[in-house]
Amino acid sequence: MLILLCGIVFGVPAAMAQVVNFDTEIREKGFGKNESRERGVGSWRKGPTRVEIQDRKRYVLVNGSRLYLGHSPSFEHGKFFLKKRDWEKRIEPIVAPPKTKSPRCIVIDPGHGGRDPGKVNKRGMFEKNYVLDISKRVARILKARGYTVLLTREGDSTLELQERPARANRWRADLFVSIHLNSASSSSARGIETFALTPVGEASTGDPGGSAKSAADDGNARDPLNTLLAFKVHSALIAKTDAEDRGVKYANFAVLRTLKCPGVLVECGFLTNASDTALVSTKNGRERIAAGIAAGIEAYVRSVGTAPSPRRK
Ligand SMILES: [Zn+2]
């Protein structure tokens, strides 16, 4: 009743309280004026960062990469409106990263293993083998830069899904990155996509009409940092590989739900697509993927804190 009264007194419907004016919010973070002349399209810039938004498109573009939203923005009377939760959990952490304790302990999770091969393509490539190789490369690069890096599995062992975040929690990880390869029924599907845990009250990216997530998981305590990590890893990975950019998405993956640190899951290409397979099947291609993931982790660390001193050779 009180909410209803307030709504009447201030002339704003109660539901509007959960919506923000995108232009006001982003300009408060130091971005310039909307540079777009196209109706229903907004574009703001600050230094090297450009954010674009479109009427009724369920994503924003950050430097050209899609970051999927819980709800599509609306365009009314020349202004863009966005759900407050989409602003706070997905866009604000990227345009104005929060400061945290500088991450030092990184847990890399090579997907599948042992009895679980993951995806197997027609050429007989097992996902479990390729993601382990990529993970070891990421670990080597980050260790040289001064990080402590632990792998959830070092060899071809079987590991339950829940045991992966449980290990990261026991090891007091500061960051968690799960590494996978994709597959699809169509051989034309290709590219890289990076996932963060779906925030409470929203449906996952792949299921926009599905029911919203009703209860918070432990991993949801770090929704803004999950998004920032996903965005940094994804951008660096696309830059290093030139793979097709499928965007930053949200899903309720079991390996992300119980984490007590920021975490993401990266799908580094499709084993069912010829150009992605060409990248993954060569040492040079896997090294590029690993360099992208490591560079993204480092970019995240620099945006929330400070980088460690590199290890002397
Ligand atoms: Zn997988």
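The paragraphs below set out a description of the structure included in this document. Within every chain, residues take consecutive numbers counted from 1 along the sequence as written. Totals for whole chains, interfaces and linings use all residues, but because this is a predicted model, local features are given only for residues with pLDDT of at least 70 and pairs of side-chain atoms are given and counted only at 80 or more. Note that water and hydrogens are dropped before the side-chain values are worked out from all heavy atoms of the structure.

**With respect to the overall build of the protein**
Then, number 1: Segments assigned H or I by DSSP are reported as helices when at least four residues long, segments assigned E as strands when at least two residues long, and all are numbered from the N terminus. From N to C terminus, the protein includes nine helices and 13 strands.
Then, number 2: The globule rule is 2.2 Å times the number of residues to the power 0.38, and the radius of gyration it is compared with is taken over C-alpha atoms. Taking 2.2 N^0.38 as the reference for a compact globule, 313 residues should give roughly 20 Å; the C-alpha atoms of the protein span a radius of gyration of 20 Å, in line with that estimate.
Then, number 3: When its C-alpha atoms are laid out on the principal axes, the protein stretches across 65 × 40 × 40 Å.
Then, number 4: Residue contacts follow a heavy-atom distance rule, with two residues in contact if any of their heavy atoms lie within 4.5 Å. Pairs at least 24 residues apart make up 70% of the contacts formed inside the protein by residues separated by at least 6 positions.
Then, number 5: Roughly 14800 Å² of accessible area belongs to the protein as shown, and the carbon and sulfur atoms make up 51% of that amount. Surface exposure here means Shrake-Rupley accessible area, sampled with a 1.4 Å probe, where a residue is shielded only by the protein chains that are shown.

**A short note on the coordination of the zinc ion**
Then, number 1: Around the zinc ion, the protein supplies His 112 (NE2), Glu 127 (OE) and His 180 (ND1) as donor atoms, at distances of 2.1 to 2.2 Å.
Then, number 2: Counted as donors are the N, O and S atoms within 2.8 Å of the metal, or 3.2 Å for Na, K and Ca, while water is not among the atoms, so some sites may look incomplete. Spacing between the donor residues of the zinc ion along their common chain follows H-x14-E-x52-H. Taken together, the residues span a long stretch of sequence, with Glu 127 in helix H4 (residues 127–144) and His 180 in strand E10 (residues 175–182) at a distance of 53 residues.
Then, number 3: For Glu 127, a relative accessible area of 0% puts it in the buried group. Relative accessible area decides the class of each residue, using a 1.4 Å probe on protein chains only: under 20% of the type maximum gives buried, over 50% gives exposed, and in between gives partly exposed.

**As for the pairing of strand E13 (residues 263–270)**
Remark: a regular strand shows side chains that alternate across the two faces of the sheet.
Then, number 1: Counting buried residues in E13 gives eight out of eight residues, a clear majority hidden from the surface.
Then, number 2: Pairing between strands is defined by DSSP: at least two bridges between them are needed. Bridge count for E10 against E13 is six bridges, and the pairing is parallel. Bridged to Asn 182 within E13 is Phe 270.
Then, number 3: Summarising the sheet, strand E11 (residues 192–197) and E13 pair through three bridges and their orientation is antiparallel. Across the sheet, the residue bridging to Phe 195 is Leu 265, located in E13.

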